[in-house]
Amino acid sequence: MTTTSKPYVIAADLGTTSTKTLVVDDKGTILASHAILYPMYTPTPDIAEQDPQEIYQAVLRGIREVIRKAGIRGEDVLAVSFSSAMHSLMAVDEKGEPLTPLITWADNRSAAYTARLKKEPTGREIYHRTGTPVHPMSPLAKLMWMRDQEPDLFAKAYKFIGIKEFVFAKLFGRYVVDHSIASATGLFNLHQLDWDELALATAGVDAVRLSVPVPAGHAETGLPAALAAEMGLPADTPFVVGGADGPLANLGAGAVEPGVWALTVGTSGAVRGIIREPRTDAKGRLFCYALADGYWTVGGAINNGGVMFRWVRDTLATLEAEEGRRKGMDPYDYLTELAHTVPPGSGGLLFLPFLLGERSPNWNANARGVFFGLAMNHTKNHMIRAVMEGVVYRLNSVAQALSETIGAPEEIRASGGFARSPLWRQMLADVLVKTVTVTDSVESSALGAAYIGFYAMGRFSRLEDIRDWVVARTSHRANSENYPIYKELTNIYARVYDQLIGEFDAIAELQHRSMP
Ligand code: ADP
């Protein structure tokens, strides 16, 4: 069989809002894409679950649909390769049937367990061994919670797996997990690339109750005929495990070499760099997850990214947003225009954007939003600009921690909804004093998964060569005139944060107490 006659890889990205499928050729051209949405079930503020069968069906249908849309033959598909959201956990029985829904990263029920573990030396040690911050998002924490709160279920479970493992088990009857997803469970040793004894003992599970860890390029073959036919693929099509969406987004943005970081701000935000040996942060501010053979991603995620601008649009500046709509504009573009009327630094108005608490670098769930420095001359436009700047100051805090851990970057590749705003991108360049570029790749994680598919099939030998696929369209250089004011404001911002830590706890406690 000659594989060179098979020009396409299908990428499937199993996200928390949708499964996206792409058909990609070996130049990185996306021939077609398809998205299938599914809900998150949140019966209480602490529960965030999904139906794993719904996601499995979306994968089957997504692959069939994207083949149809691209107008290609299933025989021309070299491989199918996967990306998936991190940190999900479910229990299955011996037949592979779900015993629980899929508990997602957003589920908060294990918060009490992580609050305790974080204060213990074991918690710190687990972080340095696994690279996963001790946080309710992690499967380690979810297992601790399940063991105590659902002991019968915990005892009965045959395996504890994530969503991608569920899909692979349905298709091939084997439980395999790539190093990248495994390393985001909080149970996987980053150095040994195997399940971590201390973390397993803390969770109370044996390695046999988890999937077998495999590298990103590992492929399974031997689809059951009926499932192959349902997807429109030959039964011998290799299915490559791929990785986790965060690390793969770096790859898909072409940010693979030292000195090139990827920065994404959608609803939340993240800054990540790639290194060739695992490294954790002495102060515990960052995560470190495996990407693929010899590559690790280090970075930090923030809760309050683009969602802060959405809050401006829907709460603070509703009238202005409406005015924008009346003018036939995207309200975000109109709000950006209003922010543009105010000089850099928003006339000394600072915004600490912690409406959703915060993750990296301080991991302070009790942090809350603050406007600081309000004066009589400030207008709504100052507040709009201050919010945009506040998000950038926060990204800067993560970037500083990251620079201390892996060295400073030369270029930052920006993506996500915020990258549509030239003003916001320029603020980023000015505050971080770095060159900010934007690439054409919208679906970075899926594109990264497609590349891993070609790489696994031997079409590429170096992850760095994905740079041929990804073109940096626009670039912003730091404006030295803006730097002094931003420097002063970021210093005040850091001090205001430090001085408010106790008061954040007090107000969060009051809010919890008086919540209806
Ligand atoms: P998600 O994280 O849900 O995938 P997106 O990547 O689409 O979201 O990003 C949504 C966020 O991007 C919005 O909340 C907003 O902050 C920002 N955004 C979207 N469009 C624009 C725009 N034209 N200008 C500035 N910001 C924008």
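See the structure shown above.
Residues numbered from 1 in each chain as written. Predicted model: local features only at pLDDT ≥ 70, side-chain atom pairs only at ≥ 80, totals over all residues. Heavy atoms only, no water.

Novice: Help me understand the overall build of the protein chain in this model?
Specialist: In terms of helices and strands, the protein chain carries 17 helices and 23 strands. Along the first, second and third principal axes, the C-alpha atoms of the protein chain reach 70 × 50 × 45 Å. Split into buried and exposed, the 516 residues of the protein chain put 58% on the buried side. The contacts of the protein chain with a sequence gap of at least 6 include a subset with a gap of at least 24, amounting to 73%. Surface accessibility of the protein chain: about 20600 Å² in total, with carbon and sulfur atoms responsible for 52%. (Helix = DSSP H or I, 4+ residues; strand = E, 2+ residues; numbered from the N terminus. Buried < 20%, exposed > 50% of the residue type's maximum accessible area, 1.4 Å probe, protein only. Contact = heavy atoms within 4.5 Å. Areas by Shrake-Rupley, 256 points an atom, 1.4 Å probe, with all protein chains shown as cover.)

Novice: Sorry, what's going on with the pairing of strand β1 (residues 8-14) here?
Specialist: Within a regular strand, side chains alternate between the sheet's two faces. Counting buried residues along β1, seven of its seven residues qualify, which places the element largely inside the surrounding structure. Of the pairings in the sheet, the one linking β1 to strand β5 (residues 77-84) comprises seven bridges and is parallel in character. Along β5, the bridge assignment pairs A12 with F82. Pairing of β1 with strand β2 (residues 18-25) involves seven bridges; the strand directions are antiparallel. Residue pairing across strands places V9 opposite V24, the latter belonging to β2. Hairpin connection, β1 to β2: the antiparallel pair is bridged by three residues. (Pairing = 2+ DSSP bridges.)

Novice: Please explain the packing of helix α2 (residues 111-119) against helix α4 (residues 139-149) as it appears in this structure.
Specialist: Working note: a packed helix pair is described by the angle between its axes plus the distance between those axes. One way to put it is that α2 packs onto α4 with a least axis distance of 9 Å and a crossing angle of 115°. The way α2 lies across α4 gives a crossing that is right-handed. Listed contacts from α4 to Y113, T114 and L117 of α2 are L140, A141, M144, W145, D148 and Q149. Of the residues contributing to the contact of α2 with α4, the split by class is six nonpolar, two polar and one charged. (Axes fitted to C-alpha atoms, helices over the stretch in contact; angles between N-to-C directions. Left-handed = near helix turned anticlockwise from the far one by under 90°. Nonpolar A, V, L, I, M, F, W, Y, C, P; charged D, E, K, R; others polar.)

Novice: I tried to follow the environment of K142 on my own but got confused; where do I start?
Specialist: Considering the arrangement of structural elements, one finds K142 in helix α4. Here the alpha-carbon distance between K142 and A12, two residues 130 residues apart in the chain, equals 26 Å. Not counting chain neighbours up to four residues away, the residues in contact with K142 comprise H87, L89, I103, T104, W105, D107, S110, P136 and M137. A polar atom in the side chain of K142 sits 3.5 Å from the backbone oxygen of P136. (Polar contact = N/O pair within 3.5 Å; in protein donor to acceptor, adjacent residues only side chain to side chain.)

Novice: Which parts of the structure should I look at to understand the pattern of salt bridges?
Specialist: Close approach of charged atoms allows side chains of opposite charge to pair. Taken as a whole, this structure holds 26 salt bridges when the rule is applied. One salt bridge in this structure joins E65 and R68, with 2.7 Å as the shortest N-O distance. On the criterion of helical spacing, the pair formed by E65 and R68 is a turn pair, its members being three residues apart in helix α1 (residues 52-70). For R68, a relative accessible area of 56% translates into the label exposed. D314 is paired through a salt bridge with R313; the nearest N and O atoms lie 2.8 Å apart. Each of E257, E411, R413 and R467 takes part in a single network of salt bridges with overlapping partners. (Salt bridge = Lys/Arg side-chain N within 4 Å of Asp/Glu carboxyl O.)

Novice: Would you take a moment to explain the site of the ligand for this structure?
Specialist: Taken together, 14 residues are adjacent to the ligand, and T267, G306, D333, G417 and R420 come closest. Here an oxygen atom of the ligand and a backbone polar atom of T267 are 2.7 Å apart. When the ligand sits alone it has 580 Å² of accessible area, and the protein chains cover 73% of it. When contributions to the shell around the ligand are tallied by element, the ones reaching two or more residues are α11 (307-316) and α13 (331-340). (Near = heavy atom within 4 Å.)

Novice: Please explain α2 as it appears in this structure.
Specialist: One turn of the α-helix equals 3.6 residues, which is why residues spaced by three or four share an orientation. Turning to α2, its buried residues number three or more, namely Y113, T114 and L117. Angularly, the buried residues of α2 cover 90° about the axis, an arc narrow enough to put them on a single face. Of the exposed residues in α2, the ones pointing more than 90 degrees away from its buried face are R116 and K119. In the core, the buried residues of α2 are packed alongside α3 (121-130), α4 and α8 (197-203). (Arc of directions from axis to C-beta.)

Any link to function would need more than the numbers given here.
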